[in-house]
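Coordinates in review
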Amino acid sequence: MKKILHLKIQSSHITIKAELSTQLEQQYLGLKENEPFIEKEQVAYLSSGVIFEYTLARQRYDEFEFHTILVKQ
């Protein structure tokens, strides 16, 4: 992206939380009443401060797994 568009990614902010399901999540995720779901929100910024990516995803709590790797550069 940097070479072609001359844009530099500055940061990505991710929030992961559990919420109790509403009828909508129960319908689409196949959850029972009062079962939770996992919500992941991600906002990525360019070095200019402009948002270039926004993601909001919800999934079943029993199918969620989180892994991370931090690399010092």
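Now for a look at the structure at hand.

Rules used throughout
- Residues numbered from 1 in each chain as written.
- Predicted model: local features only at pLDDT ≥ 70, side-chain atom pairs only at ≥ 80, totals over all residues.
- Heavy atoms only, no water.
- Helix = DSSP H or I, 4+ residues; strand = E, 2+ residues; numbered from the N terminus.
- Buried < 20%, exposed > 50% of the residue type's maximum accessible area, 1.4 Å probe, protein only.
- Contact = heavy atoms within 4.5 Å.
- Areas by Shrake-Rupley, 256 points an atom, 1.4 Å probe, with all protein chains shown as cover.
- Lys, Arg positive; Asp, Glu negative; His and termini not counted.
- Charge placed at Lys NZ, Arg CZ, Asp CG, Glu CD.
- Pairing = 2+ DSSP bridges.
- Axes fitted to C-alpha atoms, helices over the stretch in contact; angles between N-to-C directions.
- Patch = residues over 30% accessible without salt bridge, like charges linked within 9 Å, V, L, I, M, F, W, Y side chains within 5 Å.
- Salt bridge = Lys/Arg side-chain N within 4 Å of Asp/Glu carboxyl O.

Quick look at the overall build of the protein now. Each helix and strand counted, the protein has two helices and three strands in total. Helices and strands in the protein line up, N terminus first, as α-β-α-β-β. For the protein, the spread of C-alpha atoms along the three principal axes comes to 50 × 25 × 20 Å. Considering the protein as a whole, with its 73 residues, one finds that 18% of them fall into the buried category. Of the contacts formed within the protein by residues at least 6 apart in sequence, a portion of 42% connects residues at least 24 apart. Surface exposure of the protein reaches about 6,300 Å², of which carbon and sulfur atoms provide 53%. Distance from the positive charge centre (9 side chains) to the negative charge centre (10 side chains) of the protein: 15 Å.

In this section: the side chain of glutamine 26. Looking at the secondary structure, you find glutamine 26 in helix α2 (residues 23-29). Glutamine 26 sits in the buried class, given a relative accessible area of 17%. Sequence-distant contacts of glutamine 26, that is, excluding residues within four places in its chain, are made with Ser21, Leu31, Lys32, Glu33 and Asn34.

Before going further, it helps to spend a moment on the sheet that holds strand β1 (residues 9-20). In spatial order, the strands read β1-β2-β3; together these three strands make up an open sheet with antiparallel pairing. A strand with exactly one partner marks an edge of an open sheet, and here the two such strands are β1 and β3 (51-60). Across this sheet, the average inter-strand angle for adjacent strands is 10°, counted without regard to direction.

With that settled, consider a nonpolar patch on the surface. Residues Ile4, Leu5 and Leu7 make up a contiguous nonpolar surface patch of roughly 310 Å² in combined accessible area. You can see isoleucine 4 is positioned in helix α1 (residues 2-5). By relative accessible area, which is 71% here, isoleucine 4 ends up exposed.

When strand β2 (residues 36-46) meets β3, the two strands line up antiparallel, connected through nine bridges. Within β3, the residue paired with tyrosine 45 across the bridge is isoleucine 51. Connecting β2 to the antiparallel partner β3 that follows it, the hairpin turn spans four residues, and glycine 49 within it adopts a positive phi of roughly 95°.

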